[in-house]
Amino acid sequence: MKLLITGGAGFIGSHLSEALLERGDEVYVLDDLSTGSIENIDHIKGHERFHYTIDNVLNRPSTAEHVDRVDVVVHLAAAVGVRLIVESPVHTIETNVHGTETVLRVANKKKKRVILASTSEVYGKSTDIPFREDSDLVLGATHKGRWSYACSKAIDEFLGLAYYKEKKLPVVVVRLFNTVGPRQTGRYGMVIPNFVRQALAGEPITVFGDGTQSRCFTDVSDVVGGLLGLIDHPDAVGEVFNIGSQQEVSMMELAEKVKAMTKSKSEIVLVPYEEAYEEGFEDMPRRVPDTGKIEKLIGYKPTVSLEQILERVIAYLSDS
Ligand code: UDP
């Protein structure tokens, strides 16, 4: 099979590219290296079934040419990371909405299958745990920048599902929950690489808010497994799927685990949200996926524990 991965030089995209090459597929990557990095694909650049182009998905002729070559498009290119979103809201909204619009429009010409990456962020501050694909989305006020990310990805989902309904374009929407692993950078705010880097450097480990908020972390290899299953399955089309894990941990517990596992002398400090992000920043207290739907369809089950995830990230950041 031939696949185009937009954002293929990013953290998740580079792991997905690797897995597709391993199973014998031909992989085309389109990435503008805005948050991705050429180092993420250095080790596969020479592979005979791997091709990459440094360009933005908003460049329609280039995206159209790539989409034409392949059977399936996995659209991962997006502005991600809460810090980036708070600091560059215009970039976030435009990249996410116009990028998806471009991909869907060009894919529609020859009805190419599109796997559209969305995010658990779309559930917003809903407290109806666990989040099911048909749950309500609960977003905050429009002057609070964080919600623009959720809203931009929700528009992507609406558009993808509208293409499916109205134009019979085979679209699959996946909502990725907190994904972690080697090559993820802490630069855009992601908590695990941040904590591990701080602990290894002996710097204070910065827990935002009061540290009681919790997340469920999934290893990138499990996320890639889920994506591979959905890429192939005929009944995934026109549907939305959560991909995540249910192993919940509070940010304070996480900081303590990272400190212990790195044998770090770093102190754990609480940083108010308004200092970490911006005045009036709203965080979600819990975020737990219901993964029953993807489990039923493709037998998806996360296999990597939080301890193993942390071991892998610690090994990766100790070496780099
Ligand atoms: N967080 C933290 N310290 C950091 C970075 C993040 O305590 O240095 C918190 C953040 O406020 C959130 C959680 O960790 O409650 C997960 O943040 P991340 O940006 O990784 O993902 P999110 O779930 O917010 O998309």
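Residues numbered from 1 in each chain as written. Predicted model: local features only at pLDDT ≥ 70, side-chain atom pairs only at ≥ 80, totals over all residues. Heavy atoms only, no water.

K.L.:
For the packing of aromatic side chains, give the residues involved together with the corresponding values.
P.N.:
Applying the stated criterion across every chain yields a total of six aromatic pairs. Taken together, a centroid distance of 6.0 Å and an interplanar angle of 35° make the contact between Tyr123 and Phe177 tilted. Here Tyr123 is found in the loop between strand 5 (113-119) and helix 5 (146-167), whereas its partner Phe177 is found in the loop between strand 6 (171-176) and strand 7 (179-180), with 54 residues between them in sequence. Taken together, Phe208, Tyr273, Tyr277 and Phe281 form an aromatic cluster joined through their ring pairs. (Phe/Tyr/Trp six-rings, centres within 6.5 Å; stacked < 30°, edge-to-face > 60°. Helix = DSSP H or I, 4+ residues; strand = E, 2+ residues; numbered from the N terminus.)

K.L.:
Explain the pairing of strand 4 (residues 72-75) residue by residue, including any values.
P.N.:
Here strand 4 shows two buried faces, one formed by Val72 and Val74 and the other by Val73 and His75. Note that strand 1 (residues 2-6) and strand 4 share four bridges and pair parallel. Across the sheet, Leu4 pairs through a bridge with Val73, a residue of strand 4. Of the pairings in the sheet, the one linking strand 4 to strand 5 comprises four bridges and is parallel in character. Across the sheet, residue His75 finds its bridge partner in strand 5, namely Leu116. (Buried < 20%, exposed > 50% of the residue type's maximum accessible area, 1.4 Å probe, protein only. Pairing = 2+ DSSP bridges.)

K.L.:
How would you sum up the site of the ligand? Please name residues and give values.
P.N.:
As a structural note, the neighbourhood of the ligand is formed by 19 residues, with Thr206, Phe208, Arg215, Asp283 and Arg287 the closest of them. Within the backbone of Thr206, one N or O atom sits 2.7 Å away from a nitrogen atom of the ligand. For the ligand, the protein covers 94% of the area, taking 520 Å² as the surface of the free molecule. For the shell around the ligand, the secondary structure elements donating two or more residues are helix 6 (191-201) and strand 8 (205-208). (Near = heavy atom within 4 Å. Polar contact = N/O pair within 3.5 Å; in protein donor to acceptor, adjacent residues only side chain to side chain. Areas by Shrake-Rupley, 256 points an atom, 1.4 Å probe, with all protein chains shown as cover.)

K.L.:
I'd like a description of the packing of helix 6 against helix 8 (residues 251-261), backed by residues and values.
P.N.:
At a minimum axis distance of 10 Å, the contact between helix 6 and helix 8 shows a crossing angle of 40°. One finds that helix 6 runs oblique with respect to helix 8. Once helix 6 is placed against helix 8, the crossing between them reads as right-handed. In this structure, helix 6 uses Val191, Ile192, Phe195, Val196 and Ala199 to contact helix 8, whose residues at the interface are Met251, Leu254, Ala255 and Val258. (Axes fitted to C-alpha atoms, helices over the stretch in contact; angles between N-to-C directions. Parallel < 35°, antiparallel > 145°, perpendicular 65-115°, else oblique. Left-handed = near helix turned anticlockwise from the far one by under 90°. Contact = heavy atoms within 4.5 Å.)

K.L.:
Could you give an account of helix 2 (residues 60-69), naming the residues involved and the relevant values?
P.N.:
Of all the positions in helix 2, only Ser62, Thr63, His66 and Val67 are classed as buried. One face of helix 2 carries all of its buried residues, which in axial projection span an arc of 130°. Lining the buried residues of helix 2 we find strand 1, strand 2 (26-31), strand 3 (50-54), strand 4 and helix 4 (89-109). (Arc of directions from axis to C-beta.)

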